[in-house]
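Coordinate inspection notes
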Amino acid sequence: MPEDHQNSKFAPASERKTRYEFNKLQKRLRRLVGKAIADYNMIEDGDKVMVCLSGGKDSYGMLDILLSLQKSAPIDFELVAVNMDQKQPGYPEHVLPEYLDGLGIEYHIVEKDTYSVVKSVIPEGKTTCGLCSRLRRGTLYGFAEEIGATKIALGHHKDDAIETLFLNMFYAGRLKAMPPKLLSDDKRNIVIRPLFNCSEKDLLAFAEARQFPIIPCNLCGSQENLQRQMIKQMLQGWEQQFPGRIDTIFGALGRVSLSQLADSDLFDFINLTLDRSTPLEPVKAESSAASDTTEVEIVNAINIA
Ligand code: SF4
């Protein structure tokens, strides 16, 4: 919803309802972004945050919410918007500069023809997104150093993190997702994902309401990443059948029991030793821990017994 439509007292009921729903959505997104920033110490006093704008719904939403949080934050930090023009044919170069000029914030457009590199390396018909994203990330990391940015903000959200978890399990045999905060391998940059707690559904609704001038990401002619699409459909199917399942899986990302997995690099299985020095605790009839016991734990306990 454009800001100039938000304040009329005499608007028709349908418009007031739309405004009410929009305000609720905006508050929810602000709260979830604020929580992610606080929980993972994403932004600190004096930070210069480079906000990466692709022209997609998520990065527009991220910039919008960060700008509004900046106004009420108890700390001082800078926001600099950066877009990378990868020279895809038909890329509408004017769209982001016009939008960012309207906001009156500092921004940079980094021009680099990664499109030609990707096209020359990846055979026709294969998905190009993997290499394209790696080249983009490399350029953005370098640019962040050039402008003295202390954090790089990317617009990935909760659904991206969960999809990545399943992609890694299904196709790479690894248990890893997409973290809310990441130190680059060379330790020269810190990436943050302020939308980590936000759902794609909310971001889509927010982008529609705010009428962001979306630039499609398929100008390069790349096929959508079919594996990711398949995972997305699988998750949506589960969610329809078992409402709340996506949130349950998302919660699991923050509650990891290393001793219940099998990675010897992360948990020392080799040197497990008995310790019977403390007296055995009597079994309580009504344990306060019972409410923390999940169905899965109960089933496991029965199986073990
Ligand atoms: S759709 Fe095209 S521009 Fe977007 S990430 Fe994939 S290859 Fe890159």
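That block above? That's the structure.
In this report, the structure presented in the accompanying data block is examined. On a predicted model such as this, the values are computed, not experimentally measured, just so you know.

Rules of the game
Just so you know, the residues in each chain are numbered from 1, in the order the chain's sequence is written. Reporting in this predicted model follows two pLDDT cut-offs: at least 70 for local features of residues, and 80 or more for side-chain atom pairs to be given and counted; totals over whole chains, interfaces and linings ignore these cut-offs and use all residues. Helix and strand assignments follow DSSP, with helices taken as H or I runs no shorter than four residues and strands as E runs no shorter than two, numbered in order from the N terminus. Contact criterion: two residues are in contact if their C-beta atoms, reconstructed from the backbone, are within 7 Å. In plain words, the nonpolar core is the set of buried Ala, Val, Leu, Ile, Met, Phe, Trp, Tyr and Cys residues that C-beta atoms within 7 Å link up. Every C-beta atom is placed from the backbone, and the number of other C-beta atoms within 10 Å of a residue's own sets its class: buried at 20 or more, exposed at 12 or fewer, partly exposed in between. Here a strand pair is declared whenever DSSP counts at least two bridges between the two strands. When the strands point away from the viewer, a crossover counts as right-handed if the path from the first strand over the helix to the second runs clockwise. Here, expected helix span is obtained from the residue count minus one, scaled by 1.5 Å. Note on geometry: axes are lines fitted to C-alpha atoms, helical ones only across the stretch in contact, with angles between N-to-C directions running from 0 to 180 degrees. Oblique is the label for any angle not covered by the other classes, which are roughly parallel (under 35 degrees), roughly antiparallel (over 145) and roughly perpendicular (65 to 115). Here a crossing is taken to be left-handed if its near helix is turned anticlockwise relative to the far helix by less than a right angle, and right-handed if that turn runs clockwise. Three residue categories are used. Nonpolar comprises Ala, Val, Leu, Ile, Met, Phe, Trp, Tyr, Cys and Pro, charged comprises Asp, Glu, Lys and Arg, and polar comprises the others, including Gly.

Each helix and strand in the protein chain was counted, giving 10 helices and six strands. Within the protein chain, counting contacts between residues at least 6 apart in sequence, those at least 24 apart form 76% of the total.

Relative to the elements of secondary structure, Thr 128 occurs in the loop between helix 4 (114-121) and helix 5 (129-146). With 10 residues separating them in the primary sequence, Thr 128 and Val 118 have C-alpha atoms 6.6 Å apart.

This paragraph deals with the nonpolar core. Most often, soluble globular proteins have nonpolar side chains that are buried together. Counting residues in hydrophobic clusters, the biggest one holds 41 residues, and the most contacted among them are Val 33, Met 50, Val 51, Cys 52, Ile 152 and Ala 153. Each residue touching Val 33, except ones within four places of it in the same chain, is listed here: Ile 65, Leu 69, Pro 194, Leu 195 and Cys 198.

Moving on: the pairing of strand 1 (residues 48-53). Where burial is concerned, most of strand 1 is hidden: five out of the six residues are buried. Taken together, the six bridges between strand 1 and strand 2 (residues 78-85) define a ladder with parallel strand orientation. Looking across to strand 2, one finds that Leu 53 is bridged to Asn 83. You can see the chain leave strand 1, run along helix 2 (residues 57-72) and come back into strand 2, and the turn it takes is right-handed.

Within the chain, Lys 187 stands out as a residue other than glycine whose phi angle is a positive 65°. Along the chain, Lys 187 falls in the loop between strand 5 (181-183) and strand 6 (190-192). Of note in the backbone geometry, Gln 211 takes a positive phi value of approximately 55° without being a glycine. As for its placement among the helices and strands, Gln 211 is situated in the loop between helix 7 (200-210) and helix 8 (226-241).

Turning our eyes to something else, we now look at the pairing of strand 3 (residues 107-111). In this structure, strand 2 lies alongside strand 3, joined through five bridges in parallel fashion. Bridged to Asn 83 within strand 3 is Ile 109. In this fold, the crossover linking strand 2 to strand 3 by way of helix 3 (residues 95-103) has right-handed handedness.

Taking 1.5 Å per residue as the helical rise, helix 2 with its 16 residues ought to reach 22 Å, and the 24 Å between its terminal C-alpha atoms agrees with that figure. Buried residues along helix 2 sit in contact with helix 1 (13-39), strand 1, strand 2, strand 4 (151-153) and helix 7.

Quick look at the sheet that holds strand 2 now. As summarised here, the arrangement of the six strands in space is 3-2-1-4-6-5, forming an open sheet in which the pairing is mixed. With partners counted over all chains shown, the strands left at the sheet margins are strand 3 and strand 5, one partner each. Across the sheet, the mean angle separating the axes of adjacent strands is 25° when strand polarity is ignored. Of the strand pairs in this sheet, strand 4 and strand 6 are connected by two bridges, and their pairing is parallel. Bridge pairing in strand 6 links Ala 153 to Ile 192. The strands touched by helix 5 within the sheet are strand 1, strand 2, strand 3 and strand 4, with strand 2 carrying the most contacts at an inclination of about 140°.

Pairs of packed helices are described in terms of their axes, by the angle between the two and the distance that separates them. The geometry of helix 1 relative to helix 7 is characterised by a closest axis approach of 10 Å and an angle of 125° between their N-to-C directions. Viewed along their axes, helix 1 and helix 7 adopt a mutual orientation that is oblique. At the point where helix 1 passes helix 7, the crossing takes the left-handed sense. Each of Phe 22, Leu 25, Arg 28 and Leu 29 in helix 1 lies in contact with helix 7, whose residues at this interface are Asp 202, Ala 205, Phe 206 and Ala 209. Partitioned by chemical class, the residues of the contact of helix 1 with helix 7 number six nonpolar, no polar and two charged.

Moving on: the environment of Pro 74. One can find Pro 74 in the loop between helix 2 and strand 2. By C-beta crowding, Pro 74 is classed as exposed, having 5 other C-beta atoms within 10 Å. Taking the C-alpha atoms as reference points, Pro 74 and Asp 45, separated by 29 residues in sequence, lie 8.7 Å from one another.

Turning to the environment of Val 117, a few remarks are in order. Here Val 117 is to be found in helix 4. With 16 C-beta atoms counted inside 10 Å, the residue Val 117 sits in the partly exposed group. Sequence spacing of Val 117 and Cys 132 is 15 residues, and the spatial spacing of their C-alpha atoms is 8.6 Å.

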